[in-house]
Structures are given as structure tokens and as C-alpha cells.
Amino acid sequence: MRKILFLHGLNWSGDCPMAQTLQSGLEGFAEVTAPDLPVDPAEAIADILDICDRLQPDLIIGSSYGAFLGQQVVKITGCPALLCSPMFDMADFLETCPGVREFKSPRADGVTSYCVTGELIAKFREMEAHQFDCYDKFYYDRVWGFYGSRDTIATSRDKFSSLYSTVIDYDGEHTMSPENVKTTLLPAVLKIMDDFPRREARYFRHFKGNYYRLLCHAKDSESLERTVTYRALYGHYGFWTRGEHMFFERISRDGKEFPRFAETSHMSSVGNTPQRFAIFASGDGSNAENIIRFFREHDCGAEVALVVSNRRSAKVLQRAEQLDVPVAVVARDDFNDPEKILPLMEKHSVSVIVLAGFLLAIPPFLVNRYPDKIINIHPALLPRFGGKGMYGMHVHEAVVAAGETETGITIHYVNERYDEGKIIYQAKINIPPGCTPEEVAEMVHMLEYRHYPRVIMETFVTSEC
Ligand code: GAR
């Protein structure tokens, strides 16, 4: 059974309608734990971290105050999160309504009200100044925000969008109604848990370049301070421990700000030297251009060093030249000749090959030279609609002809057999009734632009640039 931690709003308790609707709507699929949270935000964070140590939730859902708290524990717990009407400016809001406030749902301890004092507002203000200390781009797609059309309280939308990719609108007030939960939140719960399942291991890249695996969270037995224990993935593979906040926080060096330890997805393929990508593409090259631009904008020690095409007239070559990326045309026969292709890769010090609409099979010698270093994107949900002859529009035509109601993208490592390498990431979309193959192609392209560069970065470089 999956586990979800629900964090309620300031005027509510764990026994609130949002939590109840989630609990009944997810019965049999996920267990929803909804504790009563202290109104003191530091006490609430401490409680939440303790609960997460015990519960190991797969997902955090927060509403208003709960979303303010949830955002701060995302990286510490490693959980994706759904943040409904997140309040990033609690102190300003509370200043507008000082005095005694009644809880709108019953608390287990029987307390029925709390008081908004100057002291409480000051505590919020202090926490707010540090609420993004643990932000990591790794969570860019893993935290989704929800904003109600009639909400006049949560003003965090712009800030939220600058940190996270997904904002979902719903027709409603600041606090979601049971109907909002059913129609908007529950489908998102299923989708985000499907997109980002629990990870067995968590890996981090220290800003100086070395990689580590997080082993556990623990408390210092004297001071009760929270710590993490982690293991170096180099040298003698030593074990280390340090204060939890210090492990997860951002730091500044030379005018730049970044996480001290940036989270990454795949240890199998990470390395300590800057990556140099060769993109192989046969056609239009819109993905190639998107990837080139992405790595230009993200200063993470990785760059597209070369674009290779088997077709002299392919538009991808013009796109690359316009962006001053070296290009090479390699005819089909030369492509299967190790004497031709390997020296080209060496000349440009290529460490990773990215396929973006490349229509020739990758010869075994190249797979052997680049084990787990060749990545492909396929415009459907493999293993369906893959294999020889299944590329570009042929895929979308087949998907529509089969009457599919959903399609998507598959990003995978490349082996010698078409579309059969280990899957790294998939994302799905629904196909509305009556959609043409061209419309499906456009929707799938959008999905590709959104995810492919990020997955390449997380697979071969780091989660944070
Ligand atoms: C992309 O949709 C990619 O997924 C697909 O070719 C298209 C290239 O578009 N690849 C395959 O079908 C591989 N089997 P682009 O040239 O605009 O980037």
C-alpha cells in the first residue's frame, strides 16, 4: 500500500474535509496519514520530519499552511509533493487577522482555538526568510502547485512557477472543497505517483564534484539534532555524517548559489568529468535544438559538442550551425564503419551520445564503446509502438489507428536492438477523442521538449545546474 502524508491548513486539523475526501477516494490504493499540526511552524516541521522518518511516505500533500511546510521538507524527505494554495507569505497574511481563531475541524487534543500573536507572526517571518534554503532543481517536476480561481489569499503563484514546472488551476476557493479534491487533486495524486515512484536509493553530487549515496536520517543522541549519514562513491567509499540541514541546504560561492549536495537520479551513469554530448539526428532537429539551448542555459559542465546526421539535407544541421555547434554528415555505410565514426567521436571528446530522431540502427561497436552512454527518445510508450519502421509520424499514425486513449514518450538507454534498451523515464498524456496523428505528434513533441533535456541532465550530469 502506498503512503501519503497530508498537511492541513492553519485553521484546520487532520480531521478536515480535504483529508477525509482523500482518505475515502484513495481507499485500497494509498493510506493517507493526516496528523494535527502545531501552529508553531518550527514545531510543525520537527513533527513532520519525525513522522516522515517513521512513515516513509511516497507523497506529501499540503494545503495552505501545510503547503508552506511541505515545500520546505520536499528535498529532506525525498518525496514528490502536491501543494494546494501554498502560502509562502504566512506572516503578512497573519498580520491582517490577529487574535483568537477557532479551528474549523476537531483536533485530537480537544483544543478548539489558537491565538495569532506578534510572537507567532515573528516565528513565521523567521522561517519564511529560509523557506527555500533546501530548494533543489531535482524537484522542478516533482512538486505541483494548485491555485483556486476564487482564492484571494495565496499570492505565491509567480514564485512557485519560478521554482517548479507544474501549476494546475481549479475552480474554487482557497481551501479545496471535497468536489475540488475529487475532480482535481485525486487524478493528480495518481499521476504524480505514477510519474515519480519511490526511489530505492538517493544519490547526490557534492558541489566539488564527488558523488554520495544517502544512507539514513538519524538524531544525535545527546543534542537530538537531526543528522544524515551518507557514503562516498569514490576512493575508499567512506561513511560520513553531518547536520541534516547542512546536507540539504544551498550555499553561495563566487556569486553563485546552488545546493551543497545536488540530488541526481541515476548513479550508474554519473561521473566526475564534464560531459560532452554528440546528438545524432536525421530530420527536423527541433529536439536537438532544444537540448543545445538547454545546456547553454544551464551551466552544469555539460555541452553539446557535435551534431551528427546521416542526411545532408536534414534541417537539424542548419539549426546546429546557427547555434555554432560543429556538425558532421556521416553516410549510412560510413556510420557502420568503426574506422570512420570512432575517430570522429574521439576528435570531439564525446562522452555521451544523444539520439533525437535518428533513424539508423546503432552498430554494436558503438554500443560497446559507449555502454549506458547512449540515450534515445521514442515518441510512444514502449514496449508498445516500437521497433523497426516505427519512427516519427508512423508511430502517431499507428497509435491513432489502434484507438489508443493515451500515448507518451519513452526515454531509454540504447542497445543493439531497436527501442529495447532499459527504460529511464516515461511520461504519459491522454489522447482526446477525434485527435489526428498530427495533433498527437504536436502534443508528444511538447512532452519531449519538457522532459528530454532534464532527463539527459539528471542521467549523465546532475540534478542542478
Ligand atoms: C521525435 O518525436 C522523436 O521522438 C522521434 O523523432 C522525432 C524527431 O523530431 N524519434 C523516433 O521516432 C525514434 N524511433 P525532431 O526532429 O523535431 O526532434
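The preceding data block contains the structure.
So, here's what we can say about the structure.

Rules used throughout
- Residues numbered from 1 in each chain as written.
- Predicted model: local features only at pLDDT ≥ 70, side-chain atom pairs only at ≥ 80, totals over all residues.
- Heavy atoms only, no water.
- Pairing = 2+ DSSP bridges.
- Helix = DSSP H or I, 4+ residues; strand = E, 2+ residues; numbered from the N terminus.
- Axes fitted to C-alpha atoms, helices over the stretch in contact; angles between N-to-C directions.
- Contact = heavy atoms within 4.5 Å.
- Near = heavy atom within 4 Å.
- Polar contact = N/O pair within 3.5 Å; in protein donor to acceptor, adjacent residues only side chain to side chain.
- Areas by Shrake-Rupley, 256 points an atom, 1.4 Å probe, with all protein chains shown as cover.
- Phe/Tyr/Trp six-rings, centres within 6.5 Å; stacked < 30°, edge-to-face > 60°.
- Lys NZ or Arg CZ within 6 Å of the ring centre and 35° of its normal.
- Buried < 20%, exposed > 50% of the residue type's maximum accessible area, 1.4 Å probe, protein only.
- Salt bridge = Lys/Arg side-chain N within 4 Å of Asp/Glu carboxyl O.
- Patch = residues over 30% accessible without salt bridge, like charges linked within 9 Å, V, L, I, M, F, W, Y side chains within 5 Å.
- Lys, Arg positive; Asp, Glu negative; His and termini not counted.
- Charge placed at Lys NZ, Arg CZ, Asp CG, Glu CD.
- Core = buried A, V, L, I, M, F, W, Y, C linked by side-chain atoms within 4.5 Å.

Quick look at the sheet that holds strand β2 (residues 30–33)
Strands sit in the order β2-β1-β3-β4-β7-β8 across an open sheet of six strands; the sheet is parallel. The sheet terminates laterally at β2 and β8 (166–170), the two strands that pair on one side only. This sheet shows a mean twist of 20° between the axes of neighbouring strands, independent of strand direction. Bridge count between strand β1 (residues 2–7) and strand β3 (residues 59–63): four bridges; the pairing is parallel. Bridge assignment links I4 to a residue of β3, and that residue is L59. Relative to β3, helix α3 (residues 65–77) is tilted by about 155°, and along the sheet it contacts β1, β3, β4 (81–84) and β7 (143–148). Helix α7 (residues 178–195) contacts β1, β3, β4, β7 and β8 of the sheet and is inclined by roughly 170° relative to β7.

Points about the sheet that holds strand β12 (residues 239–243)
Read across the sheet, five strands follow the order β12-β11-β10-β9-β15 without closing on themselves; strand pairing throughout is antiparallel. If you trace the sheet from one side to the other, it starts and ends with β12 and β15 (261–264), each paired once. For this sheet, the mean inter-axis angle between neighbouring strands, taken without regard to orientation, is 40°. Pairing geometry for strand β10 (residues 211–219) and strand β11 (residues 226–232), over seven bridges, is antiparallel. Its bridge partner being in β11, L214 is matched across the sheet by Y230.

Description of the site of the ligand
What surrounds the ligand is a group of 13 residues, the closest being G285, S286, N287, G392 and E448. In the model, an oxygen atom of the ligand is placed 2.5 Å from a nitrogen or oxygen of the S286 side chain. In this structure, an oxygen atom belonging to the ligand sits 2.4 Å away from a side-chain N or O atom of E448. About the coverage of the ligand: the protein hides 91% of its 450 Å² of free accessible area.

As for the packing of aromatic side chains
Here the structure, examined in full by the defined rule, presents 23 aromatic pairs. Members of the aromatic cluster, joined through ring pairs, are F204, Y212, Y230, F247, F248 and F261. Between the NZ or CZ atom of R142 and the centre of the ring of F138, over which it lies, the distance is 3.8 Å. In this arrangement the basic side chain of R454 is found over the ring face of Y425, its NZ or CZ atom lying 4.9 Å from the centre.

So, the side chain of Q72
Residue placement: Q72 occurs in helix α3. According to the relative accessible area criterion, Q72 is buried, its value standing at 12%.

Some remarks on the pattern of salt bridges
Within the structure shown, the criterion is met by 31 salt bridges. The salt bridge partner of R226 is D53, with a shortest N-O separation of 3.0 Å. Separated by 173 residues along the polypeptide, R226 in strand β11 and D53 in helix α2 (residues 41–55) bring together distant segments of the chain. D53 sits in the partly exposed class, given a relative accessible area of 32%. Salt-bridge contacts for E404 lead to R384; the nearest nitrogen and oxygen are separated by 2.9 Å. Linking E404 in the loop between α14 (392–401) and β21 (406–413) with R384 in the loop between β20 (374–378) and α14, this pair joins segments that are 20 residues apart in sequence. Within the structure, one salt-bridge network assembled from shared partners comprises D50, D53, K219, R226 and E244.

Section: a negative patch on the surface
Taken together, the side chains of E397, E438, E439 and E442 make up a negatively charged region of the molecular surface. Looking at the negative patch, the element that brings in the most residues is helix α15 (residues 437–460), giving three residues. By secondary structure assignment, the location of E397 is in helix α14.

Let's talk about the nonpolar core
Counting residues in hydrophobic clusters, the biggest one holds 71 residues, and the most contacted among them are L22, I61, L82, L185, V189 and F277. At eight residues, the largest contribution of residues to this core is made by α15. Ignoring sequence-local partners within four residues, the contact set of I61 consists of I4, L5, F6, L7, L22, L82, C84, L185 and V189.

Here we look at unusual backbone geometry
The residue after L382, namely P383, is reached through a cis peptide bond having omega 15°. Summarising the element assignment, P383 is placed in the loop between β20 and α14. Phi at S85 takes a positive value of approximately 45°, unusual for a residue other than glycine. Here S85 lies in the loop between β4 and α4 (90–95). The class for S85 is buried, based on a relative accessible area of 0%.

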